[in-house]
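What follows is the residue order along each chain.
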Amino acid sequence: MMGPIAAAESVVFKAFNFSGRAPRSEYWWWGLVYAVIIGGLAWLDFSDVIGAPPTDQPEIGYSALVFALLCVIPNFAVTVRRLHDSGRSGFWTFISAVPIVGPFWFLFLMCLPSERDDNIYGPPFRRTGRWSGNAKGSGRADPMQGYAILDRLKEEPSEEMIAARKQEVRDYYRSRVLQNTSKA
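Q: I'd love a proper account of the overall build of the protein chain, names of residues and values included.
A: Within the protein chain one finds seven helices and zero strands. Walking the protein chain from its N terminus toward its C terminus, one meets helices and strands in the order α-α-α-α-α-α-α. Out of the 184 residues in the protein chain, the part that is buried amounts to 22%. When contacts within the protein chain are restricted to residue pairs at least 6 apart in sequence, long-range pairs at least 24 apart make up 61% of them. Just so you have it, the protein chain exposes about 13500 Å², and 66% of that area is on carbon and sulfur atoms.

Q: Got a sec to walk through the packing of helix 4 (residues 72-85) against helix 5 (residues 101-111)? Specific residues and values, please.
A: Between helix 4 and helix 5, the shortest axis-to-axis distance is 8 Å and the interhelical angle comes to 65 degrees. Judged by the angle between their axes, helix 4 and helix 5 are roughly perpendicular. Residues Thr79, Arg82 and Leu83 of helix 4 touch helix 5, and the partners they reach there are Phe106, Leu109, Met110 and Cys111. Classifying every residue of the contact of helix 4 with helix 5 gives five nonpolar, one polar and one charged.

Q: Got a sec to walk through the environment of leucine 109? Specific residues and values, please.
A: Mapped onto the elements of the fold, leucine 109 is located in helix 5. For leucine 109 and leucine 83, which are 26 residues apart along the polypeptide, the C-alpha to C-alpha distance reads 7.2 Å. If we ignore the near neighbours within four places in the chain, the residues touching leucine 109 are Leu83, Ser86, Arg88, Trp92 and Ile95.

Q: Requested: an account of helix 4, with residues and values cited.
A: Across its 14 residues, helix 4 extends 20 Å between first and last C-alpha, which sits within 8% of the 20 Å expected from 1.5 Å per residue. At the exit of helix 4 stands glycine 87, carrying a positive phi of roughly 85 degrees.

Cut-off values and rules
- Residues numbered from 1 in each chain as written.
- Predicted model: local features only at pLDDT ≥ 70, side-chain atom pairs only at ≥ 80, totals over all residues.
- Heavy atoms only, no water.
- Helix = DSSP H or I, 4+ residues; strand = E, 2+ residues; numbered from the N terminus.
- Buried < 20%, exposed > 50% of the residue type's maximum accessible area, 1.4 Å probe, protein only.
- Contact = heavy atoms within 4.5 Å.
- Areas by Shrake-Rupley, 256 points an atom, 1.4 Å probe, with all protein chains shown as cover.
- Axes fitted to C-alpha atoms, helices over the stretch in contact; angles between N-to-C directions.
- Parallel < 35°, antiparallel > 145°, perpendicular 65-115°, else oblique.
- Nonpolar A, V, L, I, M, F, W, Y, C, P; charged D, E, K, R; others polar.
- Expected span 1.5 Å × (residues − 1).

Below, the structure is given as structure tokens:
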């Protein structure tokens, strides 16, 4: 689950990214942040108009309008990614153009839960931001694997296991440390 700052950051940095997935938390937190910013800018734009006498012609600001126009593409991108997360095409965005029923159906689609496993739009969002499925692609780990490790906790490693681990460390050192020092 994302917080409001992470969601806003994600939407801003993925403003032109229409592929991939966006979880519910990203979509709805961004919606709240967007509404607060628009509301604050609109209040600043019209604060002179509200208290002005009728004879004066106060200036109306356009900062809320400019911000709304700047956010058209990022809003559309996060909406498409949210639809992808529930396993639907981005073309479902246009359902909101259907009179009366469309906006309610669109709201229903935005509230649908994420698909747990990989879909054609990519792997599901994880808190680390990386793909966390297993090698078979099912996206689910075997919970008994943790208990299997506990069973082997008190076992002494064999000579082959020690040699294999040492070789693994050497290979890792060569590929990560020595390779990075040669580039510097």
